[in-house]
Structure formats: C-alpha cells, structure tokens
Amino acid sequence: MPENNNFLSVADTSDIELGHSQSVQIDGIDILICHAEDGFFAVEDLCTHSMIPLCGGQIEGNYIMCPLHGAVFDLTDGSVQSPPAFEDLRTFKLKIDGTSISIDSDSLK
Ligand code: FES
C-alpha cells in the first residue's frame, strides 16, 4: 500500500494540556484536537445536536461533554454516548511526530 503523505500539521502537543482542546480549521472544516486520557483525538468541532462548537466542552477520560446541553461523545470513535444528541461526531485521522500533530487530509473528504 502506498504511503500517505497527505498529513497537514495543525497543532503542537505542548500547547494542549490533558483535558483541554484546540480548534483548528482546515478546508473550511472546524476540527477540535482533544487531549484525552488515551492521547490526542480529532473530531469535528460541531455538536450534532444543535450544531454549535464543542470547543470548551469538558473532557473527562476519553469523553467530551457538549457545553450547551450536555450530550457526551466518545472521542476515540466519535460515538454519541448520551442525549440530547443522537448522531455520532465525525472523526479525523491524526498522527503525532515529535510534538507536531498532523491531520490526514484524506480523512477530510
Ligand atoms: S448543542 Fe450539544 S447537546 Fe445541544
């Protein structure tokens, strides 16, 4: 399988403490880079309930809680864990090279 060289550097691990997140925009998509218990994860920065940013939502373990109505999503796969949201979050593949966090641009399509 050919190596995918389409990773775009978007953030630095040293800027995002455990339990925090950082929103970045690539190709018009708002992406939230989250530092969770099991590492860094990238999800769309848009709660599927009322389409508001998840940025600022509380991160505990590998879960993020929407700051508006409290829906909970699993950051590892985007799956919704608690209403009022019912649809999963979109997720994006990332890789970490040193302290550089990159997003796979193929996962944006
Ligand atoms: S907007 Fe996120 S739970 Fe309502």
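### Notes on the sheet that holds strand β1 (residues 7–12)
The sheet built from 3 strands is open, its strands ordered β1-β11-β10 with antiparallel pairing. Either end of the sheet is taken by a strand with one partner, and the two such strands are β1 and β10 (94–97). Recorded for the sheet is a direction-independent mean angle of 35° between the axes of neighbouring strands. Examined bridge by bridge, β10 and strand β11 (residues 100–104) share 4 bridges and lie antiparallel to one another. Its bridge partner being in β11, Ile 96 is matched across the sheet by Ile 101.

### Some thoughts on the side chain of Asp 104
Position of Asp 104 among the secondary structure elements: in strand β11. Here Asp 106 takes part through its backbone nitrogen, which lies 2.9 Å from a polar atom of the side chain of Asp 104.

### Examining the side chain of Ser 79
Along the chain, the position of Ser 79 falls in the loop between β7 (72–74) and β8 (80–82). In this structure the side chain of Ser 79 is engaged in a polar contact, spanning 2.7 Å, whose partner is the side chain of Asp 77. Dropping the residues within four chain positions of it, Ser 79 is found in contact with Val 72, Phe 73, Asp 74 and Asp 88.

### Observations concerning the pairing of strand β4 (residues 39–44)
Within β4, 6 of the 6 residues are buried, which leaves the element mostly enclosed by the surrounding structure. Both strand β3 (residues 29–36) and β4 contribute to a ladder of 6 bridges, which runs antiparallel. Each bridged residue has a counterpart across the sheet, and for Ala 36 the counterpart in β4 is Gly 39. Linking β3 back to β4 in an antiparallel pair, the connection comprises 2 residues.

### With respect to the pairing of β3
Regular strands place their side chains on alternate faces of the sheet. Judged by how many residues are buried, β3 sits mostly within the fold: 7 of 8 residues are covered. Hairpin connection of strand β2 (residues 21–26) to β3: 2 residues between the antiparallel strands, including Asp 27 at a positive phi of 50°.

### Considering the environment of Met 65
Looking at the secondary structure, you find Met 65 in strand β6 (residues 63–65). Overall, the relative accessible area of 37% leaves Met 65 in the partly exposed class. Sequence separation between Met 65 and Gln 81 is 16 residues; the distance between their C-alpha atoms is 9.6 Å. Ignoring any residue separated from it by four or fewer positions in sequence, one finds Met 65 in contact with Gly 57, Gln 58, Gly 70, Ala 71 and Val 72.

### A short note on the packing of aromatic side chains
What the rule picks out here adds up to 0 aromatic pairs. The ring of Phe 7 is capped by Lys 95, whose NZ or CZ atom sits 4.7 Å from the centre of that ring.

### Topic: unusual backbone geometry
In this model, Pro 83 is joined to Pro 84 through a cis peptide bond whose omega is 15°. Positionally, Pro 84 belongs in the loop between β8 and β9 (91–92). Non-glycine residue Asp 27 carries a positive phi angle of around 50°. Along the chain, the position of Asp 27 falls in the loop between β2 and β3. We classify Asp 27 as exposed; its relative accessible area is 67%. Although it is not a glycine, Met 51 adopts a positive phi angle of roughly 55°.

Reading guide: rules and limits
Residues numbered from 1 in each chain as written. Predicted model: local features only at pLDDT ≥ 70, side-chain atom pairs only at ≥ 80, totals over all residues. Heavy atoms only, no water. Pairing = 2+ DSSP bridges. Helix = DSSP H or I, 4+ residues; strand = E, 2+ residues; numbered from the N terminus. Axes fitted to C-alpha atoms, helices over the stretch in contact; angles between N-to-C directions. Polar contact = N/O pair within 3.5 Å; in protein donor to acceptor, adjacent residues only side chain to side chain. Contact = heavy atoms within 4.5 Å. Buried < 20%, exposed > 50% of the residue type's maximum accessible area, 1.4 Å probe, protein only. Phe/Tyr/Trp six-rings, centres within 6.5 Å; stacked < 30°, edge-to-face > 60°. Lys NZ or Arg CZ within 6 Å of the ring centre and 35° of its normal.

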